[in-house]
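Here are the chains, one letter per residue:
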Amino acid sequence: MLSALTISEAHDRLKKKEISSEELVRSCIERIESVDKKLNAVVYKNFESAIEAAKVVDKKGSFDSHLSGIPYLAKDVYSEAGVPTTGCSNMLREKNYISPFDSTTTKRLKSTGAISLGKTNTDEFTMGASTETSCYGVTKNPWDLTRVAGGSSGGSAAAVSADEAIFALGTDTGGSIRQPAGFCGIAGLRSTYGRTSRYGVMSMASSLDTTGSLCKTVEDLAIILEATAGKDIMDGTTSEKPVEPYSKLTNNMKGLRIGLPKEYFIEGIRPDCEKAIRDAAALLQSMGATLVDISLPHTKYAVATYYILCPCEVSSNMARYDGLRYGHTVKNPSDLVDYYQRTRSEGFGAEVKRRIMIGTYALSAGYFDAYYLKAQKVRTLIRKDFEDAFQKVDVILSPVSPHPAFRIGANSSDPVAMYLEDVFTVAQVMAGIPCLSVPCGFSDEGLPIGLQLMGPQWGEQTILNAAYAYEQATEWHKKKPTI
Ligand code: GLN
């Protein structure tokens, strides 16, 4: 099955003219048609234009770029000109909002010859850890259909894991690339805040949002980063720093100092998951790395801090969905207030409304100092924890999640339980550092487990190299779900 190829395998075969891009695209389409009814990972299919694009690439016959002729899926928060983009929210779905422009990331991919197959499921406007808040319903985990694929980029993770596409795009505000990648047994990278552009991607919490990819291998993550990173005049937070040749990976672990933060090996982690993580650390040590016990003392405040800052930014970012400019609108409002109230009550789901209310409350006069300001101060302490740690170590290693994929419905009636799913993935985002997830084993019930590697700001190459070295020495990434 061609759709099971990695980017670099597909590229090799395209270059040698053993396969055509059209065959590759058609293989992904066939796979989506045969398994997606079970998974619900793909929410919009752009198949006709994908086949047309593949024909154009084949006709040109130039496969010098790594991504030329490679089909992918994008999380349904990436704008693509002429394509519906709904954020998996009724607010935009109802009126079938069609984006008039391309996001910088999809534009850059297009310019390298990559081909968009369509859109993947996400929690509504990326708020969640399971895709259960999506207006299209939950995405199922290809390893066990009774479980979630994770979230919010759960559609992208399930799709890549089940070989519906060669790779997929996701976003990560508080773990949304790493956690679903971990739950589905694939690799996912969140880069340094400012490394990739957010232009044209729906905002949730602007000081935390990043774009990134979910892939079958670490090498593929590096290829996508290289193709999409770099300054973008449309996103003022992007850095001028030159884009490194990330895909020139090395697997020499000699002398690499790996920190094991004691706050990430706590009670509550499932023993089988902890064992997989510790085994991974031991393997890297046997390859020449040094393990160093470290502490990130403010970790215990990370979830609480994130769940103040994120809703505050949500409450501001969601203001644009007012029914006037686009999206859901109500009929016969009695006045403007009635119009706003009903539009937003009907258009948004419960989790989005919850965050708007928490954020508005935390920002209001009289509470601002106690919540938002305090959370910003704790954010600085969390960032400082990492700065101090990276004086002593090059990479920090931890679990992505305390357990493997949970059952559908297990947390959906308890928002706090759902927030606690993010226990290991929100501190990094407040520090703005790069971090990734790679498969590192299977749980007692046969579900994938993810290993998290974090680096200092702009340290993408270091964590990619370490993950690559680990991947080269193991077989976990080669295992596929039987679906
Ligand atoms: N689960 C986290 C949240 O709901 C992270 C989501 C994300 O990264 N988009 O905020």
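To be clear, the structure that these remarks concern was listed above.
The present account deals with the structure reproduced in this document. Along each chain, residue indices are assigned from 1 in the same order as the chain's sequence is written. Per-residue local features of the predicted model are confined to residues with pLDDT of at least 70, and side-chain atom pairs are confined, for both listing and counting, to 80 or more; whole-chain, interface and lining totals are unaffected and use all residues. The side-chain quantities take in all heavy atoms of the structure and omit both hydrogens and water.

1. With respect to the packing of aromatic side chains
Step number 1: Here a Phe, Tyr or Trp ring, Trp counted by its six-membered ring, pairs with any other such ring whose centre lies within 6.5 Å, and the pair is stacked when the planes are under 30 degrees apart, edge-to-face when over 60, and tilted otherwise. On inspection of all chains with the given rule, the structure shows 18 aromatic pairs.
Step number 2: Here the aromatic rings of Trp143 and Phe442 are separated by 5.1 Å at their centres, their planes lie at 55 degrees, and the arrangement is tilted. Of this pair, Trp143 sits in the loop between β4 (140-141) and β5 (144-148) while Phe442 is found in strand β12 (residues 435-442), placing the two residues 299 residues apart along the sequence.
Step number 3: Here the aromatic residues Tyr97, Phe125, Tyr321, Tyr326 and Phe348 are joined through ring pairs into a cluster of three or more.
Step number 4: Taking the ring centre of Phe265 as reference, the NZ or CZ of Arg278 above it sits at 4.4 Å. Helix and strand definitions here come from DSSP, where helices need a minimum of 4 consecutive H or I residues and strands a minimum of 2 consecutive E residues; each element is numbered from the N-terminal end. Note on geometry: a ring has a charge over it if NZ (lysine) or CZ (arginine) is within 6 Å of the ring centre and within 35 degrees of the ring normal.

2. With respect to unusual backbone geometry
Step number 1: Looking along the chain, the bond that leaves Gly151 and enters Ser152 is cis, with omega of 10 degrees.
Step number 2: Looking at where Ser152 falls in the secondary structure, it is placed in the loop between β5 and α6 (154-161).
Step number 3: Of note, the phi angle at Thr126 is positive, near 70 degrees, even though the residue is not glycine.
Step number 4: Residue position: Thr126 is located in the loop between β3 (115-120) and β4.
Step number 5: The backbone phi angle of Thr131 is positive, close to 65 degrees, even though this residue is not glycine.
Step number 6: Along the chain, Thr131 turns up in the loop between β3 and β4.

3. A word on the pattern of salt bridges
Step number 1: Whenever a carboxyl oxygen of Asp or Glu lies within 4 Å of a side-chain nitrogen of Lys or Arg, that contact is scored as a salt bridge. If you walk through the whole model with that rule in mind, you get 25 salt bridges.
Step number 2: For the salt bridge of Glu274 with Arg278, the shortest nitrogen-to-oxygen distance reads 2.9 Å. Of the two residues, Glu274 and Arg278 are both situated in helix α9 (residues 271-286); the distance of four residues between them amounts to about one turn of the helix.
Step number 3: Using a relative accessible area of 39% as the deciding quantity, one classes Arg278 as partly exposed.
Step number 4: Among the charged side chains, a network of salt bridges with common partners joins Asp144, Arg147, Arg270, Asp272 and Glu445. Only protein chains enter the accessibility calculation, which uses a 1.4 Å probe; a residue whose area is less than 20% of its type maximum is buried, one above 50% is exposed, and one in between is partly exposed.

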